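Chain by chain, the residues:
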Amino acid sequence: MSTPKAPAGHFTLLYFASATSFTRKQHDFFAAPLPLAKLYNAIEEKYPGIKAKVLESSALTVNLDYVDVEEEVQKGDGGLVIQAGDEVAIIPPVSSG
Amino acid sequence: MAAEPSPVTCIEEENLFVQLTHDRLDIASIMARVKSPKAGAVVLFAGTTRDSFADKPVVHLAYSAYAPLALRTMQSIAREVKGQHSLTAIAMVHRLGVCPVGEESILIAVSSPHRLAAWRAGEQALEECKERVEVWKLEEFGGDEGAVWRANRDGQAGARVENAMDDVGGQT
């Protein structure tokens, strides 16, 4: 159940459900710092098609807090920047119970 | 080298308990957690794996979770529901991993002095969990049918996946 630790200068991106199926992985490490606004393109470059199939219908958390990706994109340079050691997660539509 | 802290699998507060577990769910245990001389009413909801989804036979369901966040969300829901209905106690447990047909995947137990609050709270707790808790259900149809990641939100068809069982387990 524990999260993999990112190497220095990297953050961890966790995949769940359809994101895990698409990437065939449970996590990746990406170089930090990275503005949140650039994250989706960075993931798409690695996994073409993931934006349309997964990301656009998923939520995103940074260190267990939900972030509004669109809002951060709008802020431009003032938007959230992901730091080394951060834990980012793709949250597809949930289905408990 | 510092030791890794052991992963949190439950959160316990006064008269409030939420848990994720790979073990079979224990009804007697969750009932015992909420029963009290102060509570005249105890309501238990048990969600179990059905043998079909939209007429397609289901072999089993498999649940995975973003554990630290799912627990946090369950704790928030439990606190909210307990407060709103002035419950005596609340406990919620979700199973992870493969959940065979007929077995419980989620248990919610609430207790209160009188029954109306208990009925309402139990229902509200379940609906909130299904909407918010960071747990995902993989429906395994078997053979060529493959498997589908379900989405509880209305109108979502689910995401079809090949070689589904490779994706379950390990990460909870």
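See the structure shown above.
Cut-off values and rules
Residues numbered from 1 in each chain as written. Chains lettered and ligands numbered in written order. Predicted model: local features only at pLDDT ≥ 70, side-chain atom pairs only at ≥ 80, totals over all residues. Heavy atoms only, no water. Helix = DSSP H or I, 4+ residues; strand = E, 2+ residues; numbered from the N terminus. Buried < 20%, exposed > 50% of the residue type's maximum accessible area, 1.4 Å probe, protein only. Contact = heavy atoms within 4.5 Å. Areas by Shrake-Rupley, 256 points an atom, 1.4 Å probe, with all protein chains shown as cover. Rg over C-alpha atoms; globule rule 2.2 N^0.38 Å. Buried area = accessible area lost by both parts, 1.4 Å probe. Salt bridge = Lys/Arg side-chain N within 4 Å of Asp/Glu carboxyl O. Polar contact = N/O pair within 3.5 Å; in protein donor to acceptor, adjacent residues only side chain to side chain. Core = buried A, V, L, I, M, F, W, Y, C linked by side-chain atoms within 4.5 Å. Disulfide = S-S within 2.5 Å. Pairing = 2+ DSSP bridges. Axes fitted to C-alpha atoms, helices over the stretch in contact; angles between N-to-C directions.

Asker: Looking at this structure, I do not really get the overall build of chain B. What am I missing?
Answerer: When its secondary structure is counted, chain B shows three helices and twelve strands. Relative to its 172 residues, chain B shows a buried fraction of 48%. Looking at chain B alone, contacts between residues at least 24 apart form 69% of all its contacts between residues at least 6 apart. Accessible surface, chain B as shown: approximately 8,800 Å² in total, 49% of it carbon and sulfur.

Asker: Help me understand the overall build of chain A, please; the structure alone is not making it clear to me.
Answerer: Along its length, chain A carries four helices and seven strands. N-terminal to C-terminal, the α/β element order of chain A is β-α-β-β-α-α-β-β-α-β-β. At 13 Å, chain A has a C-alpha radius of gyration in line with the 13 Å of a compact globule built from 97 residues. Across the 97 residues in chain A, those meeting the buried criterion constitute 47%. Across chain A, the fraction of contacts at a sequence separation of at least 24, relative to all contacts at a separation of at least 6, is 57%.

Asker: Would you take a moment to explain the interface of chain B and chain A for this structure?
Answerer: Listed per partner, the contact involves 36 residues of chain B and 24 residues of chain A. Overall, the association of chain B and chain A removes approximately 2,700 Å² of surface from exposure, summing both partners, and the carbon and sulfur fraction of that is 55%. At the junction of chain B and chain A, the tally comes to one salt bridge. A salt bridge links Asp-65 of chain A to Arg-72 of chain B; the shortest N-O distance between them is 3.5 Å. The tally of links between chain B and chain A comes to 18 residue pairs in polar contact (both at pLDDT 80 or more).

Asker: Before we go on, may I ask you to explain the nonpolar core in this structure?
Answerer: Note that soluble globular proteins tend to have their nonpolar side chains buried in a common cluster. Core analysis: the largest hydrophobic core is formed by 34 residues, its most contacted members being Val-18, Leu-20, Ile-90, Met-92, Ile-108 and Val-110 of chain B. Listed by contribution, the elements that provide at least two residues to this core are β2 (16-21), β3 (41-48), β6 (60-65), α2 (67-84), β7 (89-95), β9 (104-112) and α3 (115-132) of chain B. It is α2 of chain B that provides the largest number of residues to this core, a total of seven residues. Not counting chain neighbours up to four residues away, the residues in contact with Val-110 of chain B comprise Val-34, Ala-41, Val-42, Val-43, Leu-87, Ala-89, Ile-90, Ala-118, Ala-121 and Gly-122 of chain B. Of all hydrophobic cores here, the second largest spans 22 residues; its members include Ala-19, Ile-43, Ile-50 and Leu-55 of chain A.

Asker: Could you clarify how one ought to interpret the state of the cysteines in this entry?
Answerer: What makes a disulfide is a covalent bond joining the sulfur atoms belonging to two cysteines. All names here are of chain B. Counting across every chain of the model gives zero disulfides over all chains. Unpaired in this structure, Cys-10 has its nearest cysteine sulfur neighbour in Cys-129, at a distance of 15 Å. The class of Cys-10 is partly exposed, set by a relative accessible area of 32%. Free cysteine Cys-129: the closest other cysteine sulfur is in Cys-99, separated by 15 Å. Classification of Cys-129 by relative accessible area gives buried; the value is 1%.

Asker: I'm lost on the pattern of salt bridges in this one. Help?
Answerer: The tally for this structure, following the rule as stated, stands at ten salt bridges over all chains. Here Glu-72 of chain A ties to Lys-75 of chain A by a salt bridge, and the two come within 3.1 Å at their closest N and O atoms. According to the relative accessible area criterion, Lys-75 of chain A is partly exposed, its value standing at 43%. Linked through salt bridges whose partners overlap, the residues forming this network are Arg-24, Arg-95 and Glu-103 of chain B.

Asker: Teacher, can you tell me more about the sheet that holds β7 of chain B here?
Answerer: Strands belonging to one sheet form pairs held by backbone hydrogen bonds; the direction of such a pair is parallel or antiparallel. Residues and elements named next belong to chain B. If you trace the five strands from one edge of the open sheet to the other, you get β1-β2-β7-β9-β3, paired in mixed fashion. The open sheet terminates on both sides in strands that have one partner only, identified here as β1 (10-13) and β3. The mean inter-strand angle of the sheet, taken between neighbouring strand axes irrespective of direction, is 5 degrees. The strands that α2 touches are β1, β2 and β7; relative to β2, the one it contacts most, it runs at about 150 degrees.

Asker: Just checking my understanding: could you explain the environment of Val-148 of chain B for this structure?
Answerer: Relative to the helices and strands, Val-148 of chain B resides in strand β11 (residues 147-149). Separated by eleven residues in the primary sequence, Val-148 of chain B and Ala-159 of chain B place their C-alpha atoms 5.4 Å from one another.

Asker: How should the side chain of Ser-96 of chain A be read in this particular structure?
Answerer: As for its position among the elements, Ser-96 of chain A is in the segment after β7 (87-91). Residues contacting Ser-96 of chain A, with those up to four places away along its chain left out, are Tyr-63, His-94, Cys-129, Lys-130, Val-133, Val-135, Lys-137 and Asn-152 of chain B.

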